[in-house]
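# Remarks on the overall topology
Below are the chains, spelled out letter by letter.
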Amino acid sequence: METTKLANNFGIAITGVDLSQPLCDSDFDEIKSLWMENRVAVFRNQTLDDDALVAFAARFGSLFVHAQSSLLSSRRKEVMELSNLEDAERAVTHELDWHTDQSYTPQPVFGTILHGLVAPKEGGETHFSDLAGAYATLPDELRDCIDGVTAVYSAEPRPKVRERPLNAEERARIPDCVHPIVRTHPYLHRKALYLSPLHMRTIGNLPEPDSLTLMGELIEHATQPAHLYRHKWSVGDVVMWDNTAIMHRRTPFPSHERRHLKRAGFYLPDELATPV
């Protein structure tokens with residue numbers, strides 16, 4: 001197993017491993033350690049069917065099933081289809097703003113894994129922001145505004161915030177929740193911003209307009225080049241990230257470009273799953 005750094009103090013490419021095959025304990029432990037320390041891990045030239053993707057994700061924790069059932073694979077409900085191919089039940093065709101997966105739930109997903117099956121030649125990149133690095137370099141005046149403060153996270157914090165609005169049944173299953181805006185990693189005890197602009201309604205006691213202003217300042221700091229890794233997809237890529245310390249976004253891509261990724265996710269143990 002060999003590694004190469006991808007960005008400024010976070011992100012790592014791991015080679016010499018076949019994720020479609022069962023990993024011995026020592027190789028798995030090394031991958032998990034490298035991933036948590038670096039927040040984003042990239043594996044190239046992988047071929048995983050749904051069962052193999054689920055088996056790899058399940059080594060890390062109990063599996064996540066997304067509330068938007070129309071995006072789930074017909075073969076494995078733990079696999080989400082992000083596709084604009086002709087046979088997609090619910091086509092994913094547009095960009096997606098900065099967010100942290102399932103931050104609007106009481107026990108958010110720990111890790112997310114994407115596997116590239118069809119890659120666009122133009123656009124459709126996934127960008128990652130290192131929220132641990134962003135917190136470590138936060139100016140004192142911004143740090144004072146958020147240390148010890150909570151925020152309200154919502155699946156639909158504002159009108160038209162989603163490319164595809166939730167239906168009534170989905171909305172009823174995921175009411176708003178509150179989390180600290182500075183989160184401590186459950187294993188590494190490293191602090192990071194818990195920033196999810198797509199899902200945050202308000203911060204602390206601030207009204208929504210002031211919350212959006214503060215959120216804008218945090219986003220501007222967290223998305224400086226020093227805190228970014230931009231992933232251009234190739235067929236066979238597997239990318240996984242730690243949602244306790246990473247936010248991400250999908251960039252636009254032309255309507256004629258085809259894009260198909262499969263996604264799986266996993267939770268922390270119950271006793272560690274609630275952000276603190």
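Heads up: these notes are all about the structure in this document. (Residues numbered from 1 in each chain as written. Predicted model: local features only at pLDDT ≥ 70, side-chain atom pairs only at ≥ 80, totals over all residues. Heavy atoms only, no water.)

This brings us to the overall build of the chain. For the chain, the count of helices and strands is 6 helices and 16 strands. Here the C-alpha radius of gyration of the chain, 18 Å, is about what a compact globule of 276 residues would show, namely 19 Å. Each of the 276 residues in the chain was classed as buried or not, and the buried ones make up 54%. Intrachain contacts of the chain at a sequence separation of at least 6 include 82% that bridge at least 24 residues. Looking at the chain as shown, the accessible area adds up to about 12200 Å², and 51% of this sits on carbon and sulfur atoms. Once the 29 positive and 39 negative side-chain charges of the chain are each reduced to a mean point, those two points are 3 Å apart. (Helix = DSSP H or I, 4+ residues; strand = E, 2+ residues; numbered from the N terminus. Rg over C-alpha atoms; globule rule 2.2 N^0.38 Å. Buried < 20%, exposed > 50% of the residue type's maximum accessible area, 1.4 Å probe, protein only. Contact = heavy atoms within 4.5 Å. Areas by Shrake-Rupley, 256 points an atom, 1.4 Å probe, with all protein chains shown as cover. Lys, Arg positive; Asp, Glu negative; His and termini not counted. Charge placed at Lys NZ, Arg CZ, Asp CG, Glu CD.)

This part takes up helix α1 (residues 25-38). Between the first and last C-alpha of α1 there are 20 Å, a value that for 14 residues agrees with the 20 Å anticipated at 1.5 Å per step. Considered for burial, the residues of α1 that qualify are Phe 28, Ile 31, Leu 34, Trp 35, Met 36 and Asn 38. On the buried face of α1, the contacting elements are β1 (2-5), β2 (12-15), β3 (40-43), β6 (111-118), β14 (238-242) and β16 (260-266). Arg 39 lies just past α1 and shows a positive phi near 75 degrees. (Expected span 1.5 Å × (residues − 1).)

Take the environment of Asp 49 next. Residue position: Asp 49 is located in the loop between β3 and α2 (50-58). Along the sequence, Asp 49 and Arg 75 sit 26 residues apart, while their C-alpha atoms lie 10.0 Å from each other. A distance of 3.2 Å separates a polar atom in the side chain of Asp 49 from the backbone nitrogen of Asp 51. Here the side chain of Asp 49 touches Ala 52 through a polar contact of 2.8 Å, landing on its backbone nitrogen. (Polar contact = N/O pair within 3.5 Å; in protein donor to acceptor, adjacent residues only side chain to side chain.)

As enumerated under the stated definition, the model contains 11 salt bridges in all. Here Asp 130 and Arg 39 are joined by a salt bridge, their closest N and O atoms 2.8 Å apart. You can see Asp 130 sitting in strand β7 (residues 126-130) and its partner Arg 39 sitting in the loop between α1 and β3, a full 91 residues away along the chain. Given a relative accessible area of 2%, Asp 130 falls into the buried group. The salt bridge involving Asp 51 is made with Arg 76; its shortest N-O contact spans 2.9 Å. Remark: Arg 76 occurs in the loop between α2 and β4 (80-83) and Asp 51 occurs in helix α2; sequence separation between them is 25 residues. The partly exposed category is assigned to Asp 51, whose relative accessible area is 46%. Judged by its relative accessible area of 24%, Arg 76 is partly exposed. The network of salt bridges with common partners includes Asp 50, Arg 75, Glu 81 and Lys 262. (Salt bridge = Lys/Arg side-chain N within 4 Å of Asp/Glu carboxyl O.)

Another point: the sheet that holds β6. Reading across from one edge, β1-β2-β3-β14-β6-β16-β4 is the order of the 7 strands in this open sheet, with mixed pairing throughout. Single-partner strands in this sheet number two, and they are β1 and β4. The sheet shows a mean angle of 20 degrees between the axes of neighbouring strands, taken without regard to direction. With 5 bridges joining them, β6 and β14 adopt antiparallel strand pairing. (Pairing = 2+ DSSP bridges. Axes fitted to C-alpha atoms, helices over the stretch in contact; angles between N-to-C directions.)

What follows is about the packing of aromatic side chains. If you walk through the whole model with that rule in mind, you get 13 aromatic pairs. Their ring planes at 65 degrees and their centres at 5.6 Å tell us that Trp 35 and Phe 266 sit as a pair that is edge-to-face. In this pair, Trp 35 sits in helix α1 while Phe 266 sits in strand β16, placing the two residues 231 residues apart along the sequence. Here Trp 35 and Phe 266 have matching classes, each one buried. An angle of 50 degrees between the planes, with centres 6.2 Å apart, marks the rings of Phe 110 and Tyr 187 as tilted. One end of the pair, Phe 110, is in the loop between β5 (96-99) and β6; the other, Tyr 187, is in the loop between β10 (182-184) and β11 (191-193), and 77 residues separate them in sequence. Residue classification places Phe 110 among the buried positions, given a relative accessible area of 2%. One aromatic cluster in this structure is built from Phe 28, Trp 35, Phe 43, Phe 56, Phe 60, Phe 110, Tyr 187 and Phe 266. (Phe/Tyr/Trp six-rings, centres within 6.5 Å; stacked < 30°, edge-to-face > 60°.)

Spatial ordering of the open sheet is given by β9-β8-β12, a layout of 3 strands whose pairing is antiparallel. What marks the edges here is a single partner per strand, and that holds for β9 (177-180) and β12 (200-203). Here the average twist between neighbouring strands, direction ignored, is 30 degrees. Bridging between strand β8 (residues 150-153) and β9 involves 4 bridges; their strand directions are antiparallel.

For soluble globular proteins, nonpolar side chains are generally found buried alongside one another. Ile 181, Leu 193, Leu 195 and Leu 218 are the most contacted members of the largest nonpolar core, which totals 30 residues. Listed by contribution, the elements that provide at least two residues to this core are α3 (131-136), α4 (140-146), β8, β11, β12 and α6 (208-222). When residues no more than four places from it in sequence are discounted, the contact partners of Leu 193 are Leu 131, Ala 134, Tyr 135, Leu 138, Ile 146, Ile 181, Leu 218 and Thr 244. In terms of nonpolar packing, the next biggest core, distinct from the first, is built from 28 residues, Leu 23, Leu 34, Phe 56 and Leu 268 among them. (Core = buried A, V, L, I, M, F, W, Y, C linked by side-chain atoms within 4.5 Å.)

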